Amino acid sequence: MAIEVRDVNKSFGTTPVLRDVSIDVKSGSLTALLGPSGGGKSTLLRVIAGLEQPDTGTVRISGVDATRLSPQRRNVGFVFQHYAAFKHLTVFRNVAFGLEIRKRPKDEIRKRVMELLELVHLEQMADRYPSQLSGGQRQRMALARALAVEPEVLLLDEPFGALDAQVRKELRTWLRRLHDEVHVTTVFVTHDQEEAIEVADTIVVLADGEVKQVGSPAEVYDNPADPFVMRFLGPVTEIGGNLVRPHDIEISAGPVEGGTAATVSRVVRLGFEVRVELTVEGRDAWVQVTRGFAEQLALTPGDVVNVRPAPGARSLTLAAV
Amino acid sequence: MAKHGLRVIAIAYLFFLLVLPVGLIVWRTFGDGLGPFVEALTSASAVHAFQVTLTVALWAVAANTVFGIGTAILLVRHNFPGKRLLNALIDLPMAVSPVVVGLALILVYGKFAPVGGLLESWGVQVIFSTPGMVLATVFVALPLVVRAVVPVLEELGDEQEQAAHTLGASRLQTFLRITLPGIRWALAYGVVLCLARSLGEYGAVAVVSGRLVDQTQTLTLFVEERFQNFDQPAAFAAATALALIAVITLLLTKFLRPKG
């Protein structure tokens, strides 16, 4: 294991932020800490980096107990949401910082920094200052800077949070490819479930300071541990007291086995998808179908149809309120 | 019309308060050409006063720079009981009259006071000597560096420092490589202000120095003493020199203000 966190508790004042958190991060994996804001995921990342001290519990990095080690001695790479670029240093000197601190020979530093700048596609920007870079470029510089010291683990705190949607998507794909090239154990924090599913190979869902579920993106999406995880990982709707993914519901014109009668209240076309809003047993629900399917059934508001979960669909029974 | 009226009032106000008096000093100084000016400033007493002023100002600036950076970091980056009290105390020298500061220092460090007496027995004379003048100057110029650095340090945030730590930098390395360059312009601004204040200080220094001619006489004290003794050319020449130094520091602060 690259990182083993055991029974970590942490409070800020009287507010508990982490409660008995234990996670394992496999060497060479790309793990997402996913959860709503205020759920404790950034704090957990900072505890791993040594930027926060846990009240109780231990953190082991590459088998070594790092709980009382200062960040300086943990050999982790940390990337901040707002880049934390050294504003008075050029891109080259930013990336070289960790190597200069380690007093590596000048030639070696130059070679390594230029390699990294190539890796993050900033080789043309070596002599610029951070203020002359775009947000995406600054974040890639911060990544190269963290990688320069060959860290045991790379920790990214909402790395794309401050970027606009377009750049976010590009960087996501790019981070995945970078990880496939570099293979450094990576943990990143995000509140965006799409980002976690797309990039990570393991997802840790954190909420209210507790680990709710750990698994591959497919596992947490298809077999959520509880309604909270199911809601957080993707769209859900409620039919017959069950929480179901809207794309896992079948609509048919006539009665079917296990079906429930529903009244169509609205049909919204979203390009290829069609969102059918229904009233089932007096409650609002919605179903996601393809455009072809909607046209075939000629669904219009007021129609009475039958709905049921598709065979093999995962659903969660909600506790009766 | 109201706009013109305001302008006239503002200009007249500044003219009678600032331009006329300073202008007259310069005019009086150079009224008989450069010769008397140079002569007055190169007299033994004037040169000595210059040296005393410089010595006192440099020590005071050095002390306030170290204290200023340390206190600013303490106030911005740390939480501790009594932080608000410290924050308020730092501004105290701005509110207290320098004469009071001088008297207070004599009460503590004078020959017949407990602390002063002890130091005297070790051979260190504070009052009526350079250490006392440095103390007085440090006191009156205390807040200038702190107040210049604090807002910039706040704006800088601590993420860059944390990033440096995770990259393996020690506290000292982080301070020298990240924090100090981040606050350099604000620090320079504060130091220049502190220097200007130290060079021009009169009240507190007048009390603790004992005004011993050719011993503890600073340039400001020299001006006053020469004027009292009807040596107007020397008084005006030294005053002009002080004014020139003020103008230079003013220009320096203007130059330093747009940070980076």
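Residues numbered from 1 in each chain as written. Chains lettered and ligands numbered in written order. Predicted model: local features only at pLDDT ≥ 70, side-chain atom pairs only at ≥ 80, totals over all residues. Heavy atoms only, no water.

Enquirer: Would you mind showing me how to read the sheet that holds strand β8 (residues 185-190) of chain A here?
Expert: Backbone hydrogen bonds are what pair the strands of a sheet, in a parallel or an antiparallel way. Residue and element names in this part refer to chain A. Here 6 strands make up an open sheet; going across it, the order is β6-β7-β8-β3-β9-β10 and the pairing mixed. The open sheet is flanked by β6 (76-79) and β10 (210-215), the only strands paired with a single partner. Strand-to-strand twist of the sheet, defined as the mean angle between neighbouring strand axes without regard to direction, takes the value 15°. Sheet analysis places strand β3 (residues 30-34) next to strand β9 (residues 202-207), joined by 4 bridges and oriented parallel. Looking across to β9, one finds that Ala32 is bridged to Ile203. (Pairing = 2+ DSSP bridges. Helix = DSSP H or I, 4+ residues; strand = E, 2+ residues; numbered from the N terminus. Axes fitted to C-alpha atoms, helices over the stretch in contact; angles between N-to-C directions.)

Enquirer: Hey, could you run me through the sheet that holds strand β2 (residues 15-25) of chain A in this one?
Expert: All names here are of chain A. Pairing in this open sheet of 4 strands is antiparallel, and the strands run β2-β1-β4-β5 from one edge to the other. In this open sheet, the two strands that pair with only one neighbour each are β2 and β5 (64-65). Inspection of the sheet shows strand β1 (residues 3-12) paired to β2 by 7 bridges, in the antiparallel sense. In the sheet register, Val5 faces β2, and the bridge partner there is Ile23.

Enquirer: Is there a simple way to explain the layout of surface pockets in this structure?
Expert: Rolling a probe over the atoms, with the probe sized like a water molecule, indicates the empty space that remains. Residues and elements named next belong to chain B. The volume enclosed by the largest pocket comes to roughly 710 Å³. Contributing to the lining of the largest pocket are 20 residues, with His78, Glu161, Gln162, His165 and Arg171 lying nearest its centre. Of all the elements in the fold, those that place two or more residues in the lining of the largest pocket are α3 (44-77), α10 (159-166) and α11 (171-200). It is α11 that contributes the most residues to the lining of the largest pocket, 4 residues altogether. Grouping the amino acids of the lining of the largest pocket by side-chain chemistry returns 5 nonpolar, 9 polar and 6 charged. (1 Å grid on protein atoms, 1.4 Å probe; cavity = no way out; pocket = protein on both sides within 12 Å on 5 of 7 lines; lining within 4 Å. Points joined across faces, edges and corners; volume = space filled by probe spheres on them. Nonpolar A, V, L, I, M, F, W, Y, C, P; charged D, E, K, R; others polar.)

Enquirer: So what exactly am I meant to see when it comes to the domain arrangement of chain A here?
Expert: By convention, interface size is frequently given as the accessible area that disappears when the constituent parts associate. Residue and element names in this part refer to chain A. The domain boundaries assigned to chain A delineate domain 1 (3-228) and domain 2 (237-317). On a C-alpha basis, the centres of domain 1 and domain 2 stand 40 Å from each other. In this complex, domain 1 contributes 6 residues to the contact, which on the side of domain 2 involves 5 residues. Both faces considered, domain 1 and domain 2 share a buried interface measuring about 520 Å² in area, 54% of it formed by carbon and sulfur atoms. For the domain 1 face of the interface with domain 2, the top three residues by lost area are Tyr221, Asp222 and Pro227, together amounting to 69%. (Domains from an automatic or database assignment. Contact = heavy atoms within 4.5 Å. Buried area = accessible area lost by both parts, 1.4 Å probe.)

Enquirer: Looking at this structure, I do not really get the nonpolar core. What am I missing?
Expert: A general tendency of soluble globular proteins is for nonpolar side chains to be buried together. Residues and elements named next belong to chain A. If you look at the biggest cluster of nonpolar residues, it comprises 46 residues, and the most contacted ones within it are Val95, Val113, Leu117, Leu143, Leu154 and Ile203. Among the elements that make up this core, the one with the highest residue count is helix α4 (residues 135-148) (7 residues). When near neighbours in sequence (up to four residues on either side) are disregarded, Val95 contacts Val113, Leu116, Leu117, Met141, Ala144, Arg145 and Ala148. One finds Ala49, Val76, Phe80 and Phe86 within the second-largest nonpolar core, a separate group that totals 38 residues. (Core = buried A, V, L, I, M, F, W, Y, C linked by side-chain atoms within 4.5 Å. Buried < 20%, exposed > 50% of the residue type's maximum accessible area, 1.4 Å probe, protein only.)

Enquirer: Would you mind showing me how to read the pattern of salt bridges here?
Expert: Where charged atoms from two side chains of opposite charge come close, those side chains can pair. A complete count under the given rule lists 31 salt bridges over all chains for this structure. For the salt bridge of Arg168 of chain A with Asp192 of chain A, the shortest nitrogen-to-oxygen distance reads 3.8 Å. Here Asp192 of chain A lies in the loop between β8 and α6 (193-199) and Arg168 of chain A lies in helix α5 (residues 165-182), a separation of 24 residues in the sequence. For the pair shown, Arg168 of chain A and Asp192 of chain A are each scored as buried. With a shortest N-O distance of 3.6 Å, Arg211 of chain B and Glu224 of chain B are connected by a salt bridge. With Arg211 of chain B in the loop between α12 (203-209) and α13 (219-228) and Glu224 of chain B in helix α13, this pair connects stretches of sequence that are 13 residues apart. The class of Glu224 of chain B is partly exposed, set by a relative accessible area of 26%. (Salt bridge = Lys/Arg side-chain N within 4 Å of Asp/Glu carboxyl O.)

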